[in-house]
Amino acid sequence: MFILLVIVGIALFAYNMRRLRRNIRLGTVVETTDHKRERLMRMLRLALGQGKMGVRPVAGLLHLFVYVGFVVINIEVLEILIDGIFSTHRVFGFMGTFYNILIGAFECLALLVLVGVVTFYIRRNVLKISRFRKKELVGKASRDANIILWAEMVMMTLFLVMNACDSLLQIREVAPYAKVGAFPISQWLTPLFSSLSTPVLIAIERTAWWGHIIGIFAFLNYLYYSKHLHILLAFPYTYYAPIKPKAALDNLPTVTKEVQLMLGTIEDNGESEEETPTFGAADVMHLSRVQLLAAYSCTECGRCTDECPANQTGKLLSPRKIMMDTRRRTQEVGQNIQKNKGTFVPDNKQLLGDYITPEELWACTTCAACVEACPMEISPMSIILDMRRYVVMEQSAAPASLNKMMTQMENTSSPWGYNPSEREKIWKE
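Nothing here was measured: the structure is a model prediction, and the numbers come from that model.

Calculation rules
Residues numbered from 1 in each chain as written. Predicted model: local features only at pLDDT ≥ 70, side-chain atom pairs only at ≥ 80, totals over all residues. Heavy atoms only, no water. Salt bridge = Lys/Arg side-chain N within 4 Å of Asp/Glu carboxyl O. Helix = DSSP H or I, 4+ residues; strand = E, 2+ residues; numbered from the N terminus. Buried < 20%, exposed > 50% of the residue type's maximum accessible area, 1.4 Å probe, protein only. UniProt positions renumbered as here; feature names shortened; annotations may be inferred. Contact = heavy atoms within 4.5 Å. Patch = residues over 30% accessible without salt bridge, like charges linked within 9 Å, V, L, I, M, F, W, Y side chains within 5 Å. Areas by Shrake-Rupley, 256 points an atom, 1.4 Å probe, with all protein chains shown as cover. Axes fitted to C-alpha atoms, helices over the stretch in contact; angles between N-to-C directions. Parallel < 35°, antiparallel > 145°, perpendicular 65-115°, else oblique. Nonpolar A, V, L, I, M, F, W, Y, C, P; charged D, E, K, R; others polar.

Here we look at the pattern of salt bridges
- Scanning the model with the defined rule gives 20 salt bridges in all.
- Between Glu 377 and Lys 246 there is a salt bridge, and its shortest N-O distance comes to 3.6 Å. Here Glu 377, found in the loop between helix 16 (369–373) and helix 17 (380–393), pairs with Lys 246, found in the loop between helix 8 (230–240) and helix 9 (253–263); they are 131 residues apart in sequence, far enough to count as distant.
- The exposure class of Glu 377 is buried, given its relative accessible area of 16%.
- Note that Lys 349 and Glu 332 form a salt bridge whose closest N and O atoms lie 2.7 Å from each other. Placement of the pair is Lys 349 in the loop between helix 13 (319–339) and helix 14 (351–354) and Glu 332 in helix 13, with a sequence separation of 17 residues.
- Residue Lys 349 is classed as partly exposed on the basis of its relative accessible area of 33%.

Have a look at this one:
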């Protein structure tokens, strides 16, 4: 039964990861092989080192508890796997004092994880912090966060209950519960179980053991449907994200060449240009793979929206919603492809308009506050700019004031519409 559980759990996880890879590969290919050292250092600083979480100390410290505790405690999964396959019990117990230290450390971390997730639950559902009350976090998005918090609480509780019963069975010298491990936290739970008979203790210990490993596999396979994919994707995203200033704008090579020809800074060599399929982005297929990876890596913490000046002044824009909508549309396109055996069948929908409105796009000031605030430096702004480029260059649907300014720039090289030779005169006036 245990081997079957492992096979099914790993097979489902691999299946979900293949779906994730297919969805991300919907985007266009971009250069990600440059600046390898800078990319590696950024990944170590942001993903592994949690370098920007401390900007908000309370949330940063609690997240550190959960992050370190959850990762380290799951090292014990290796022992559980070996015990389950070979019918052993605490197979690493031969390490003696070192093993005792490990189990004791795991228990202390489990307590810290519990403190962290309970506090997060209170902040989200009782204190109702403003960034968790935005309209994009209703329904499924809100449930998802609470499901993860409850799952982590249950798994840590099962771990401590398992150890508490195990320690009592060791005291009673019940085989195969050899006297190994240290239980500095679970020992406080033993009075709850000390009056129970040995068969009942064994049943509770085994139930907690099975519940813990089943919970881990269930958690892994729920990740694909959850915002907590950032646990896995924070590392590749922070490595592959562009190495450039946060507010830097990308220029299309085709447009750049046209401008250079117009200004006379280069000469036309007669070479034919590769046809540009589209200017900007109307749907997820027009975004880059890195942008789609960013959408899946977003943890929906809301720091970007919290810092966005447009959102603060009541505008429709929420950078977090931009990432959530991009992810939802990517998943929808992926499901379409899967349903139609590898081919996307047009569904009369697209990211622009059906998910993200022009009003949201034009509310952005391109200040890059969202990028600066994000713990992983995800850039909703890059998606906004690509979609605005599509609105302007493909639909010719820019706001009237912008169209007027661009026309005046083209005709007079001045956004105000007067001749450059009159600038000094107007300035003096």
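With respect to the UniProt feature "transmembrane region" (unreviewed entry) in the chain
- Mapped onto this numbering, the UniProt entry gives "transmembrane region" (unreviewed entry) at residues 64–86, 98–122, 147–169, 181–202 and 208–225.
- Across residues 147–169, the secondary structure splits into 100% helix and 0% strand, with the terminal C-alpha atoms separated by 33 Å.
- Measuring from the first to the last C-alpha atom of residues 181–202 gives 17 Å, for a span that is 23% helix and 0% strand.

Comments concerning the environment of Val 6
- Within the secondary structure, Val 6 is located in helix 1 (residues 2–24).
- Residue class for Val 6 comes out buried when judged on its relative accessible area of 13%.
- Excluding residues that lie within four positions of it along the chain, Val 6 makes contacts with Leu 81 and Phe 217.

Remarks on a nonpolar patch on the surface
- Among the surface-exposed residues, Ile 3, Ile 7, Ile 85 and Phe 86 lie close enough to one another that they form a single nonpolar patch of about 420 Å² accessible area.
- Put simply, the parts of the chain that give the nonpolar patch at least two residues each are helix 1 and helix 4 (76–86).
- Following the sequence through the fold, Phe 86 ends up in helix 4.
- What makes Phe 86 exposed here is its relative accessible area of 62%.

Some points on the packing of helix 10 (residues 289–297) against helix 13
- Helix 13 packs onto helix 10 with a crossing angle of 105° between their chain directions and a minimal axis gap of 8 Å. Considered as vectors, helix 10 and helix 13 are oriented roughly perpendicular to each other. On helix 13, the residues that touch Gln 291, Leu 292, Ala 294, Ala 295 and Tyr 296 of helix 10 are Met 323, Thr 326, Arg 327, Thr 330 and Gln 331.
- A per-class count over the contact of helix 10 with helix 13 returns five nonpolar, four polar and one charged.

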